[in-house]
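Now for the letters of each chain:
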Amino acid sequence: MQNLILASSSPRRKELLENLRLTFTISSSEVDESFDPTLSPEDVVMDLAERKAQVIFKENPEAFVIGSDTIVVAEGQVLGKPTDDADATGMLKMLSGKKHEVYTGVSILSPNGTARFFERTEVWFWELTDEEINFYVQSGEPLDKAGGYGIQQLGSMLVKKINGDYFAVMGLPVARTYRELKRLGYQLS
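Residues numbered from 1 in each chain as written. Predicted model: local features only at pLDDT ≥ 70, side-chain atom pairs only at ≥ 80, totals over all residues. Heavy atoms only, no water.

Colleague: I'm lost on the overall build of the protein in this one. Help?
Modeller: Across its full length, the protein carries six helices and seven strands. Counted from the first residue to the last, the protein has its helices and strands arranged as β-α-β-α-β-β-α-β-β-α-β-α-α. Over its C-alpha atoms, taken along the principal directions, the protein stretches across nearly 50 × 35 × 25 Å. The 189 residues of the protein split such that 49% are buried. Counting only contacts in the protein whose residues sit at least 6 apart along the sequence, the fraction spanning at least 24 positions is 66%. Accessible surface computed for the protein: about 9200 Å², of which carbon and sulfur atoms make up 48%. Of the side chains in the protein, 20 bear a positive and 28 a negative charge, and the two mean positions are spaced by 6 Å. (Helix = DSSP H or I, 4+ residues; strand = E, 2+ residues; numbered from the N terminus. Buried < 20%, exposed > 50% of the residue type's maximum accessible area, 1.4 Å probe, protein only. Contact = heavy atoms within 4.5 Å. Areas by Shrake-Rupley, 256 points an atom, 1.4 Å probe, with all protein chains shown as cover. Lys, Arg positive; Asp, Glu negative; His and termini not counted. Charge placed at Lys NZ, Arg CZ, Asp CG, Glu CD.)

Dropping the structure here:
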């Protein structure tokens with residue numbers, strides 16, 4: 001039987017992979033998430049995804065290991081997870097009424113080879129009032145999410161429209177991940 005491991009503790013990535021009805025385990029890897037600021041956003045997310053997958057693959061070389069990372073880019077600035085409520089508020093004010101990009105990188109390591117790819121999705125926010133931002137920040141939802149918001153829960157009230165892969169904004173481009181696993185020989189039963 002093939003072993004599939006998600007190298008992430010993200011509940012959203014877990015939920016998305018469960019949607020494919022695959023049997024997998026979770027093994028979160030603690031890696032240094034600093035990056036070279038001269039890299040393109042797509043290189044940043046693919047590099048971070050690969051770092052996460054590599055840690056777990058070294059311990060499980062017989063497994064198919066999925067690493068993933070997501071960043072938000074607004075006004076040429078990379079926005080990771082906010083450090084506190086004030087940081088989340090600042091991020092949301094920056095995104096208010098504007099378009100930004102969400103990049104999600106995926107690295108799949110397996111005994112049969114590797115797959116590295118990213119998805120870029122454009123997201124437009126409504127113009128947000130201070131009251132809306134404060135309400136959202138006080139919910140606690142922004143603190144563990146790149147760019148200070150999650151599209152799938154309460155944060156859905158912030159989003160005016162998207163162009164691209166909704167699931168990539170959540171943290172894992174499901175359809176592409178499925179196809180790459182299949183290409184690498186994972187038995188999708």
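Continuing now.
Colleague: Could you clarify how one ought to interpret the nonpolar core in this entry?
Modeller: Across soluble globular proteins, you tend to see nonpolar side chains buried next to one another. Counting 39 residues, the largest nonpolar core has Leu4, Ile66, Leu92, Ile108, Phe125, Tyr149 and Leu181 as its most contacted members. Per-element accounting of this core gives the leading share, five residues, to helix H3 (residues 85–95). Apart from residues no more than four positions distant in its own chain, phenylalanine 125 is found in contact with Leu92, Leu95, Ser96, Gly97, Lys98, His100, Tyr149, Leu158, Val159 and Lys160. Judged by nonpolar contacts, the second largest core, of eight residues, contains Ala7, Ala53, Phe57 and Val65. (Core = buried A, V, L, I, M, F, W, Y, C linked by side-chain atoms within 4.5 Å.)

Colleague: Help me out: how do you make sense of the layout of surface pockets in this one?
Modeller: Where empty space is left becomes clear once a probe the size of a water molecule has been rolled over the atoms. Roughly 680 Å³ of internal volume is contained in the largest pocket. Lining the largest pocket are 34 residues, with Arg13, Lys52, Asp69, Thr70 and Lys81 sitting closest to its centre. If you list the elements that add at least two residues to the lining of the largest pocket, you get helix H1 (11–18), helix H2 (41–59), strand S3 (64–74), strand S4 (77–79) and helix H5 (166–170). With four residues, the single largest contributor to the lining of the largest pocket is S3. Considering only residue class, the lining of the largest pocket consists of 15 nonpolar, 10 polar and nine charged. (1 Å grid on protein atoms, 1.4 Å probe; cavity = no way out; pocket = protein on both sides within 12 Å on 5 of 7 lines; lining within 4 Å. Points joined across faces, edges and corners; volume = space filled by probe spheres on them. Nonpolar A, V, L, I, M, F, W, Y, C, P; charged D, E, K, R; others polar.)

Colleague: What's the story with the environment of glycine 171 in this structure? I'm lost.
Modeller: With respect to the helices and strands, glycine 171 occurs in the loop between H5 and helix H6 (174–183). Its relative accessible area of 2% is what places glycine 171 among the buried residues. Spatially, the C-alpha atoms of glycine 171 and phenylalanine 35 are 19 Å apart, while their sequence positions differ by 136 residues. For glycine 171, the residues in contact, after removing those within four places along its chain, are Arg13, Leu16, Ser68, Thr70 and Thr104.

Colleague: So what exactly am I meant to see when it comes to H1 here?
Modeller: Since the α-helix advances by 3.6 residues per turn, residues separated by three or four positions end up pointing in the same direction. Buried within H1 we find Arg12, Arg13, Leu16 and Leu17. The arc enclosing the buried residues of H1, seen along the axis, measures out at 130°, which places them on a common side. Considering only its buried residues, H1 is in contact with strand S1 (4–6), S3, H5 and H6. The backbone nitrogen of arginine 12 has a side-chain oxygen 3.2 Å away, supplied by the residue at the start of H1, namely serine 10. (Arc of directions from axis to C-beta. Polar contact = N/O pair within 3.5 Å; in protein donor to acceptor, adjacent residues only side chain to side chain.)

These results come straight from atomic positions and should not be treated as a statement about function.
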